[in-house]
Number of protein chains: 2
Amino acid sequence: MSTLNEYISKNFDRFTDELIELLKIPSVSADPAYKDDVHNCAAFIKESLEKAGVDKAEIVPTKGYPVVYGEKIIDPKLPTVLVYGHYDVQPADPVELWDSPAFEPVIKKTELHPEGAIFARGACDDKGQMYMHVKAFETMVKTDTLACNVKFMIEGEEEVGSENLAHFLKAEKERLAADVILVSDTALVSKDVPSITTGLRGLSYVEVEVTGPNRDLHSGVYGGAVANPINVLCDMIASLQDEDGRITVEGFYDNVQMVSHEERKAMSEIPFSEEDYKKKLGIKEVKGEKGYSTIERASIRPTLDVNGIWGGYIGEGAKTVLPSKAYAKISMRLVPNQGPDEITEKFKKHFEKIAPDYVSVKVTPHHGGEPAVIPVDSDEYRAASKAMEAAFGKEPVPARGGGSIPIVSLFEKVLGLKTVLMGFGLDTDAIHSPNEHYGLFNYRKGIETIPQFFAEYAKLKNN
Amino acid sequence: MSTLNEYISKNFDRFTDELIELLKIPSVSADPAYKDDVHNCAAFIKESLEKAGVDKAEIVPTKGYPVVYGEKIIDPKLPTVLVYGHYDVQPADPVELWDSPAFEPVIKKTELHPEGAIFARGACDDKGQMYMHVKAFETMVKTDTLACNVKFMIEGEEEVGSENLAHFLKAEKERLAADVILVSDTALVSKDVPSITTGLRGLSYVEVEVTGPNRDLHSGVYGGAVANPINVLCDMIASLQDEDGRITVEGFYDNVQMVSHEERKAMSEIPFSEEDYKKKLGIKEVKGEKGYSTIERASIRPTLDVNGIWGGYIGEGAKTVLPSKAYAKISMRLVPNQGPDEITEKFKKHFEKIAPDYVSVKVTPHHGGEPAVIPVDSDEYRAASKAMEAAFGKEPVPARGGGSIPIVSLFEKVLGLKTVLMGFGLDTDAIHSPNEHYGLFNYRKGIETIPQFFAEYAKLKNN
């Protein structure tokens, strides 16, 4: 398919410039302050799809941010690939830790990326990976090599739990009819170890509020005699994990599916240096559930993390206050077959149960997501594997991802479709962190691989 | 002394209006944003002293905020009372919890204050209580009843640890020569149970920082495999107290002076309803060190409170971040003979010692303060007791205060002077909290009592 790569080579600089323009739009879905930017971003995507050659594109409103839909049907008899991605991004804070502004993209060379990487919020997650599909599609259209019908569904609420997507899928079921869903929102094991994500963790996310006295108190006058809600919150959080790193929430592990000896063996064979891992993170020791390796702890085992905590005086200087309230955002990564609603309910019950008499607690569920597993013995996996092999020159390894793409199970439930998670990011891309970036190598490899997938998938389906 | 009370009655409305003007100045010493306001407040105090009748007043600069000094020497043979107070105030946040703006004083009637109370930051702590001395002084001058020489020393850094006061005292030792120091910055047991504070707790205040990975991480990609500094901070804080409410910092209790059976018996006789206490605070249960009463826990026993905690994502919505750092402000109230430097050092050692390998910790000391005890069998106590009895119609009870006025021990060390803590606030005044207020009853009682103290003290000293 040299014509494809020729076209990509000729146009790669423009592909990069277009992505940079997209990254300048601060489409932060979690913060209402960016409302207009998120909508402008949707318009940008629609226009990009039209320029790339879809028959029609449309901004479909939802109760929240719209979904951008586009399609090109070349032959009803050919298989149809439904591409999913999201144009919203995580908040940029802590902004002071960025070396360059989050929404002023710059290309910098790094040790890992001598070809250069684009630094900006969303560079990888998911604007960079999503835009690869737009440019791969353009390439297939312009080189007349499009082998399947294609439909695009690019949403704007992934980073806040895709709350309105379920309703969208149900309402648009017919229009979304397809044979497979293709998503690039995951990572490779490394630049030279291509991989396809065969499993994802689910998510249960809650916010807790602990209330002590009915007003902030002077810690001198009341300290020692009245329970301090911050201290109590710390006690409660500390009690949620035991010394073996096991989560103490009652019934938390009830539905955890044990991973087969074979799969654990395969995971243990993935090239991985713990020393290197610790060095990159600047930590002396790793920490996790007893009896599992670092790779397993980050993929096939459930977790509990405090994503945010606040209470009392957090300004400059010292204030001797015994506060009325303390808060925390707590998320749990789930594995098959834990259900987010099940776990959220168990957490709520447990947290309320362990709350001592001298405080009151409130547990508010945020979004959740189902864990998912993608079978290796399927046409869609084979097509992805062949496509990657063609682009990377070596067969990809199946890998469990630690993150959550809740919509994967949603797609299966509502549309009855399997999802291929063919991502090109790297764990070092610092997604959700300051200085998020995406390697030009990865961006290009994605654009090269996607047309291969279309071709391979069409072949497999037509046999 | 009816002439005195006559003058007070005639001028009380003006006294109140003047205090309200003073309360409009946001002299927050902890926040550099209010620098100019703090300096303006010093100027206001100097002018008030001049109007009240001092021979001379002066704004004495320090490395931080200035001390306002004023004096009136009527006869070198008469005893001299050195009045201490502070014109700086605590930050107003959380501002959203104030029923009326913190720096727009309003007078409202409450169940406890049918005569009305002034609501504003600093209304009680310490502008209201400090200004009573200015108005009591004016009253004595204008009614020609001043019985002692008087010196004023009103500082602007009490709420941030009086960092520059020690140097000021040493430099101004001669000018500050006096027989006793009089301070109103404490509370009465209740409106109808006058009391004099005979003991104060000291303070050790530290800020801790826990660092995990060298950058914020995606909790899906790394969660479960890398220690989360917020969870670790919670574990560490939880471990600082055992189930009996005892502080586990090594050697923390080494120098704690046991309080005599007699004094504990006297404390147990102070009128106090725990049910009422809980009702006012809106709590189901009190919590504290095993083996001590609520009054004892809040006065004669040391404490450990988290005054503030923060880390990770604390904005709107949900962010699945595994943060690099977590922070807390922790203060310990001390009792005789614990030293703030001793305890801060012990805390630092302990906190660093219990830090697990997978994080690094930093402990930064803020200000500290020595605990203090004021002897009951002294001229100054007797004078205060007689003065209160005259104003309230009943003998005051000696009471241990839970708060800290670090400068009391400083005065003894540097100036060799005893301090009388004759405060007129109430624990319900919400100092350091939203809706701080000061009863007009208390404001007036203070202005009535202070001249009585001057008269009684002169009598005792001249016999």
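Owing to the predicted nature of the structure, the values given are computational and were not obtained by experimental measurement.

## Here's the deal with the interface of chain B and chain A
The interface of chain B with chain A comprises 87 residues on the first partner and 87 residues on the second. In total, chain B and chain A occlude about 7,400 Å² of area from one another, counting both sides; carbon and sulfur atoms represent 53% of this. Taken as a group, B:Leu281, B:Lys287 and B:Lys319 account for 9% of the area that chain B buries against chain A, more than any other trio of residues on that side. Our enumeration of links across chain B and chain A arrives at 0 salt bridges. Split into classes, the residues belonging to the side of chain B that touches chain A amount to 37 nonpolar, 30 polar and 20 charged. Two strands pair when backbone bridges link them, and strand β11 (residues 305–312) of chain A and strand β11 (residues 305–312) of chain B are joined in this way by 5 bridges, in the antiparallel orientation. What sits directly across from A:Trp310, in β11(B), is B:Trp310.

## Details of the domain arrangement of chain A
All names here are of chain A. Examined at the domain level, chain A breaks down into domain 1 (2–200 + 371–462) and domain 2 (203–253 + 302–367). Taking only C-alpha atoms, the centre of domain 1 and the centre of domain 2 are 36 Å apart. Taken together, the contact pairs 9 residues of domain 1 with 7 residues of domain 2. The largest per-residue losses of area from domain 1 upon contact with domain 2 belong to Gly161, Pro371 and Ser404, which jointly make up 60% of the total buried on that side. In this assembly, domain 1 and domain 2 are joined by 0 salt bridges. On inspection of domain 1 and its partner domain 2, the count reaches 0 residue pairs in polar contact (both at pLDDT 80 or more).

## A short note on the environment of A:Gly291
Secondary-structure assignment places A:Gly291 in the loop between α8 (274–281) and α9 (294–297). Linking A:Gly291 and A:Gly245, residues 46 residues apart in sequence, is a C-alpha distance of 9.8 Å.

## Thoughts on the pattern of salt bridges
Per the counting criterion, the structure on display carries 76 salt bridges over all chains. Between B:Asp55 and B:Lys72 there is a salt bridge; the shortest N-O distance is 3.4 Å. Within this pair, whereas B:Asp55 is found in the loop between α2 (35–52) and β1 (56–60), its partner B:Lys72 is found in strand β2 (residues 67–72), the two being separated by 17 residues in sequence. With a relative accessible area of 18%, B:Lys72 lands in the buried category. The shortest N-O distance in the salt bridge between B:Glu448 and B:Arg444 comes to 2.7 Å. In this pair, B:Glu448 and B:Arg444 both sit in helix α13 (residues 440–462), 4 residues apart, roughly one turn of the helix. Salt bridges sharing common partners tie together A:Arg14, A:Glu18, A:Lys135 and A:Glu138.

## Digging into unusual backbone geometry
Leaving glycine out, the prevailing phi sign among residues is negative, and the prevailing peptide bond configuration is trans. Residues and elements named next belong to chain A. Cis peptide bonds are those with omega within 30 degrees of zero, and the linkage from Asp125 to Asp126 qualifies with -5°. Secondary-structure assignment places Asp126 in the loop between β5 (117–119) and α3 (127–142). Backbone geometry places Asp144, a non-glycine residue, at a positive phi of 55°. By the element assignment, Asp144 lies in the loop between α3 and β6 (149–155).

## Some details on the relation of the copies chain B and chain A
Mapping chain B onto chain A calls for a screw motion: a turn of 180° about the axis and a shift of 0.0 Å along it, with 0.1 Å RMSD after fitting. Taken together, the turn and the small shift mark the pair as related by a two-fold rotation axis. Both copies share a contact surface, since 100% of the interface residues of chain B are interface residues in chain A too.

## Considerations on the packing of helix α1 (residues 2–23) of chain A against helix α13 (residues 440–462) of chain A
All names here are of chain A. Between α1 and α13, the least distance of the axes is 11 Å, while the angle of their chain directions is 130°. Relative to α13, the element α1 lies oblique. Read as a crossing pair, α1 and α13 show a hand that is right-handed. The residues of α13 that touch α1, namely those facing Leu4, Asn5, Ile8, Ser9, Phe12, Phe15, Thr16 and Leu19, are Leu440, Tyr443, Arg444, Ile447, Glu448 and Pro451. In terms of residue class, the contact of α1 with α13 is built from 9 nonpolar, 3 polar and 2 charged.

## Topic: the side chain of B:Asp185
Residues and elements named next belong to chain B. Mapped onto the elements of the fold, Asp185 is located in the loop between β7 (180–183) and β8 (195–200). No salt bridge forms around the buried Asp185; measuring N to O, its nearest opposite-charge neighbour Arg333 is 10 Å away. One polar contact links Asp185 to His86, side chain to side chain, over a distance of 3.3 Å. With residues up to four places along the chain from it excluded, the contact list for Asp185 reads His86, Asp125, Asp126, Gln129, Glu158, Ile405 and Gly423.

## Focus: helix α11 (residues 379–392) of chain A
Residues and elements named next belong to chain A. Relative to the 20 Å expected for 14 residues at 1.5 Å per residue, α11 spans 20 Å between its end C-alpha atoms, a close match to the ideal helical length. Along α11, the positions that sit buried rather than exposed are Glu380, Tyr381, Ala383, Ala384, Ser385, Ala387, Met388, Ala391 and Phe392. Its buried side turned inward, α11 meets β7 (180–183), β8 (195–200), β16 (397–400), β17 (419–421) and α13. Downstream of α11 by one or two residues, Gly393 has phi in the positive range, about 75°.

## Observations concerning the pairing of β8(B)
Residue and element names in this part refer to chain B. The buried fraction of β8 amounts to 6 of the 6 residues, a majority that puts the element mostly inside the structure. Alignment of β8 against strand β16 (residues 397–400), held across 4 bridges, turns out to be parallel. Bridge pairing links Ile196 to Pro398 in β16. Where β8 and strand β15 (residues 372–373) come together, 2 bridges link them in antiparallel fashion.

## Here we look at the side chain of A:Asp126
A:Lys127 provides the closest opposite charge to the buried, salt-bridge-free A:Asp126, at an N-O distance of 11 Å. Each residue touching A:Asp126, except ones within four places of it in the same chain, is listed here: A:Gly85, A:His86, A:Tyr131, A:Ser184 and A:Asp185.

## Here's the deal with the sheet that holds strand β4 (residues 106–108) of chain B
All names here are of chain B. On the basis of which strands lie adjacent, the open sheet formed by 3 strands has the order β4-β5-β18 and antiparallel pairing. Only two strands of the sheet have a single neighbouring strand rather than two, namely β4 and β18 (437–439). Between one strand axis and the next, the sheet turns through 30° on average, direction left out of account. Looking at chain direction, β4 and strand β5 (residues 117–119) are connected through 3 bridges and run antiparallel. Note on β5: the bridge partner recorded for Ile107 is Ile118. Across the sheet, helix α1 (residues 2–23) lies against β4 and β5, angled at about 15° from β5, the strand it touches most. On top of the sheet, α13 reaches β4, β5 and β18; it is set at about 60° to β18, its chief contact.

## A short note on the sheet that holds strand β18 (residues 437–439) of chain A
Residues and elements named next belong to chain A. The strand order across the open sheet built from 3 strands is β4-β5-β18, with neighbouring strands paired in antiparallel fashion. In this open sheet, the two strands that pair with only one neighbour each are β4 (106–108) and β18. Taking each pair of neighbouring strands and ignoring which way they run, the sheet shows an average axis angle of 30°. Against the sheet, α1 contacts β4 and β5, and its axis sits at roughly 15° relative to β5.

## Considering the pairing of β1(B)
All names here are of chain B. Pairing between β1 and β2: 5 bridges, direction antiparallel. For Ala57, the partnering residue across the bridge sits in β2 and is Gly70. The antiparallel pairing of β1 with β2 creates a hairpin that spans 6 residues between the two strands.

## As for α1(A)
All names here are of chain A. Look at α1: 30 Å from first C-alpha to last across 22 residues, which is about the 32 Å you get at 1.5 Å a residue. The principal kink in α1, of about 60°, is found at Asn11. Turning to α1, its buried residues number three or more, namely Leu4, Tyr7, Ile8, Asn11, Phe12, Phe15, Thr16, Glu18, Leu19, Ile20, Leu22 and Leu23.

About the cut-offs
- Residues numbered from 1 in each chain as written.
- Chains lettered and ligands numbered in written order.
- Predicted model: local features only at pLDDT ≥ 70, side-chain atom pairs only at ≥ 80, totals over all residues.
- Heavy atoms only, no water.
- Contact = heavy atoms within 4.5 Å.
- Buried area = accessible area lost by both parts, 1.4 Å probe.
- Salt bridge = Lys/Arg side-chain N within 4 Å of Asp/Glu carboxyl O.
- Nonpolar A, V, L, I, M, F, W, Y, C, P; charged D, E, K, R; others polar.
- Pairing = 2+ DSSP bridges.
- Helix = DSSP H or I, 4+ residues; strand = E, 2+ residues; numbered from the N terminus.
- Domains from an automatic or database assignment.
- Polar contact = N/O pair within 3.5 Å; in protein donor to acceptor, adjacent residues only side chain to side chain.
- Buried < 20%, exposed > 50% of the residue type's maximum accessible area, 1.4 Å probe, protein only.
- Least-squares fit on C-alpha atoms with pLDDT ≥ 70 in both.
- Axes fitted to C-alpha atoms, helices over the stretch in contact; angles between N-to-C directions.
- Parallel < 35°, antiparallel > 145°, perpendicular 65-115°, else oblique.
- Left-handed = near helix turned anticlockwise from the far one by under 90°.
- Lys, Arg positive; Asp, Glu negative; His and termini not counted.
- Expected span 1.5 Å × (residues − 1).
- Bend = angle between axes of the 7 residues up to and from the residue.

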